[in-house]
Amino acid sequence: MSGLERPRDQRVIAGVCSGIANRFGWSVGLVRLAFVVSCVLPGPQILLYVVLWILIPNSP
């Protein structure tokens, strides 16, 4: 995978976390864990997830 795209086969909700993990070579589980832990903190995490869901294209 060369660019930032949401894979069709590694999705839990929309594939945003797995797309980010694949793009930067990180563990998918760690990216998902970081997102869940960040939701405990105040901020627009859910809104950011929805925006990324809209902006990051599906993989072909």
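The name an unreviewed UniProt entry gives the protein is Phage shock protein C (PspC) family protein, with Saccharopolyspora kobensis as the organism. Listed under Subcellular location (unreviewed entry) in UniProt, the entry text for the protein is "Cell membrane".

Now for a nonpolar patch on the surface. Among the surface-exposed residues, V12, I13, I46, L47, V50, V51, W53, I54 and L55 lie close enough to one another that they form a single nonpolar patch of about 940 Å² accessible area. Structurally, L47 is set in helix α3 (residues 45-55).

As a further point, take the state of the cysteines. Inspection of every chain in the model, using the stated rule, returns zero disulfides. Cysteine C17 remains unbridged, with the sulfur of C39 as its closest cysteine sulfur at 8.8 Å. Owing to a relative accessible area of 9%, C17 belongs among the buried residues under this scheme.

Criteria and cut-off values
- Residues numbered from 1 in each chain as written.
- Predicted model: local features only at pLDDT ≥ 70, side-chain atom pairs only at ≥ 80, totals over all residues.
- Heavy atoms only, no water.
- UniProt positions renumbered as here; feature names shortened; annotations may be inferred.
- Patch = residues over 30% accessible without salt bridge, like charges linked within 9 Å, V, L, I, M, F, W, Y side chains within 5 Å.
- Areas by Shrake-Rupley, 256 points an atom, 1.4 Å probe, with all protein chains shown as cover.
- Salt bridge = Lys/Arg side-chain N within 4 Å of Asp/Glu carboxyl O.
- Helix = DSSP H or I, 4+ residues; strand = E, 2+ residues; numbered from the N terminus.
- Disulfide = S-S within 2.5 Å.
- Buried < 20%, exposed > 50% of the residue type's maximum accessible area, 1.4 Å probe, protein only.

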